[in-house]
Amino acid sequence: MDRKTDLKGRDFLKLLDFTAEEIAYLLDLAADLKEKKRKGIPVDTLRGKNVALIFEKTSTRTRCAFEVAAHDLGMGSTYLDPAGSQIGKKESIADTARVLAGMFDGIEYRGFGQDIVEELAKYAKVPVWNGLTNEFHPTQMLADLLTIREHFGRLKGIRLTYMGDARYNMGNSLMVVCAKMGMHFTACTTKKYFPEEKLTAQCLEIAACTGGSITLTEDVDAGTKDRDVIYTDVWVSMGEPEQVWEERIRELSPYRVDRAVMENAGEKAVFMHCLPAFHDLNTKIGAQMGERFGVKEMEVTDEVFESGQSLVFQEAENRMHTIKAVMLATL
Ligand code: CP
Ligand code: NVA
């Protein structure tokens, strides 16, 4: 571990703000914390501190990861749910930031625009961690990188293809981390869903320095041939209107991850997904879409999701170890 890296007091808002060395440091710290947890060695050096967890959108993994990690580190945590606080409705972000910073040592925020979490960080004198915005999902990225590194033993040179809506938090974030870590990123989807031009240009510049690459393609065969990682996410994200389901299913069905995609990627390829996933009809929305549009699975087939190539549950567990690393490093 690089002993010179010091992230104390830093916000964790998007990975564009971090160097490859700092990202690698957080991954090393997470791997160490994971090993210690496995061996039953406590790391509770943040005893006496408290964190606020603001969720303006729902969550299973991110909330649980922050709560368990905070508890393991010896901290108290307070969860503010999407309906149960004054935030945005009766109190501005700037006022909320100053109130919470007076009581807590760190603040997690999940919500809508990236500008909101940036504003929160501007006014809070304690570290602010982005637990997902429309634009970025940086804590998910650390879990994904840790999972890829555990599986392949390296990040540099890994070829990752993202299928689906690549304009949103997951596509953007994966493009950024691939560029930063010298990986090869492909967005494989229709042009309409390509990441926005400015961010793509920025990532191309970063990739030119790290040996990574960025490819945008509509061609499923070329975009998924000989890949290490095939990644997808839900076609409709939290906060988007219900009416977009019909067009998303129509436009993104050719980019569903199925057996043919995984075979094209190669037998050593792995499947990843941030979760939650629509891979069967065993969810309320999955069943509704099944009835309305006659689809029994959406972004990924049940066969791929449940296959030996799928790393999704290892990836989900790694949310906790990596979020613990972020809190430990910045507090
Ligand atoms: N992957 C992820 O962020 O999951 P949650 O929405 O359950 O937190
Ligand atoms: N793109 C998804 C990610 C969920 C973890 C969403 O924003 O809903």
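Up top you'll find the structure we're talking about.
Rules behind the numbers
- Residues numbered from 1 in each chain as written.
- Chains lettered and ligands numbered in written order.
- Predicted model: local features only at pLDDT ≥ 70, side-chain atom pairs only at ≥ 80, totals over all residues.
- Heavy atoms only, no water.
- Near = heavy atom within 4 Å.
- Polar contact = N/O pair within 3.5 Å; in protein donor to acceptor, adjacent residues only side chain to side chain.
- Areas by Shrake-Rupley, 256 points an atom, 1.4 Å probe, with all protein chains shown as cover.
- Nonpolar A, V, L, I, M, F, W, Y, C, P; charged D, E, K, R; others polar.
- Buried < 20%, exposed > 50% of the residue type's maximum accessible area, 1.4 Å probe, protein only.
- Helix = DSSP H or I, 4+ residues; strand = E, 2+ residues; numbered from the N terminus.
- Pairing = 2+ DSSP bridges.
- Phe/Tyr/Trp six-rings, centres within 6.5 Å; stacked < 30°, edge-to-face > 60°.
- Lys NZ or Arg CZ within 6 Å of the ring centre and 35° of its normal.
- Core = buried A, V, L, I, M, F, W, Y, C linked by side-chain atoms within 4.5 Å.
- Contact = heavy atoms within 4.5 Å.
- Arc of directions from axis to C-beta.
- 1 Å grid on protein atoms, 1.4 Å probe; cavity = no way out; pocket = protein on both sides within 12 Å on 5 of 7 lines; lining within 4 Å.
- Sits in = over half its atoms within 2 Å of the grid points.

What to know about the site of ligand 2
In the vicinity of ligand 2, the contacting residues are Leu132, His137, Tyr168, Asn169, Asp233, Val234, Ser237, Met238, Cys274 and Leu275. The side chain of aspartate 233 places a nitrogen or oxygen atom 2.6 Å from a nitrogen atom of ligand 2. Burial of ligand 2 by the protein chains amounts to 95% of its free accessible area of 270 Å². Here the residues of the shell around ligand 2 sort into six nonpolar, three polar and one charged.

A closer look at the pairing of strand β3 (residues 106–110)
Taken across its five residues, β3 has five buried, putting it largely inside the fold. Side chains Gly106, Glu108 and Arg110 of β3 all project onto a buried face; the interleaved residues Ile107 and Tyr109 project onto the opposite face, where all are buried too. Pairing analysis gives five bridges linking strand β1 (residues 50–55) to β3, with the strands arranged parallel. Bridging across to β3, leucine 53 finds its partner in glutamate 108. Pairing between β3 and strand β4 (residues 128–130): three bridges, direction parallel.

Re the packing of aromatic side chains
What characterises a pair of aromatic rings is the spacing of the ring centres plus the angle enclosed by the ring planes. By the definition in use, this model includes six aromatic pairs. Plain terms: the ring middles of tryptophan 245 and phenylalanine 278 are 5.6 Å apart, the flat faces sit at 75° to each other, and that makes the pair edge-to-face. With tryptophan 245 in helix α9 (residues 244–252) and phenylalanine 278 in the loop between β9 (270–273) and α11 (284–293), the pair connects residues that are 33 residues apart, well separated along the chain. Of the two residues, tryptophan 245 and phenylalanine 278, neither departs from the other in class, the shared state being buried. It is arginine 10 that lies over the ring of phenylalanine 18; its NZ or CZ is 4.4 Å from the centre.

Focus: the nonpolar core
The biggest cluster of nonpolar side chains holds 65 residues, and the ones touching the most others in it are Phe185 and Met327. Filtering out sequence-adjacent residues up to four positions away, methionine 327 remains in contact with Leu46, Val51, Phe66, Ala69, Ala70, Leu73, Met75 and Trp129.

Considering unusual backbone geometry
Across the junction of leucine 275 and proline 276, the peptide omega takes the value 0°, indicating a cis bond. Mapped onto the elements of the fold, proline 276 is located in the loop between β9 and α11. At leucine 132, a residue that is not glycine, the phi angle is positive and equals roughly 120°. Assignment of secondary structure puts leucine 132 in the loop between β4 and α5 (138–152). Using a relative accessible area of 6% as the deciding quantity, one classes leucine 132 as buried. The phi dihedral of leucine 275 is positive, around 70°, even though this residue is not glycine. One can find leucine 275 in the loop between β9 and α11.

Re helix α4 (residues 114–123)
Along α4, the positions that sit buried rather than exposed are Gln114, Val117, Leu120 and Ala121. The buried side chains of α4 occupy one side of the element, clustering within an arc of 125° when seen end-on. Seen from the open side of α4, the exposed residues pointing more than 90 degrees away from its buried face are Asp115 and Lys122. On its buried side, α4 packs onto β1, α3 (93–101), β3 and β4.

Notes on the site of ligand 1
Around ligand 1, a shell composed of Ser59, Thr60, Arg61, Thr62, Arg110, His137, Gln140, Cys274, Leu275 and Arg319 is seen. Contact distances for ligand 1 include 2.7 Å between an oxygen atom and a backbone N or O atom of threonine 60. Within the side chain of glutamine 140, an N or O atom sits 2.9 Å from a nitrogen atom of ligand 1. A total of 250 Å² of accessible area belongs to ligand 1 in isolation, and the protein chains cover 95% of it. Because more than half of its atoms lie within 2 Å of the grid, ligand 1 is assigned to the largest pocket. In the shell around ligand 1, the residues fall into two nonpolar, five polar and three charged.

Things to note about the environment of glycine 48
For glycine 48, the position within the fold is in the loop between α1 (20–39) and β1. Taking the C-alpha atoms as reference points, glycine 48 and leucine 73, 25 residues apart in sequence, are found 9.8 Å from one another.

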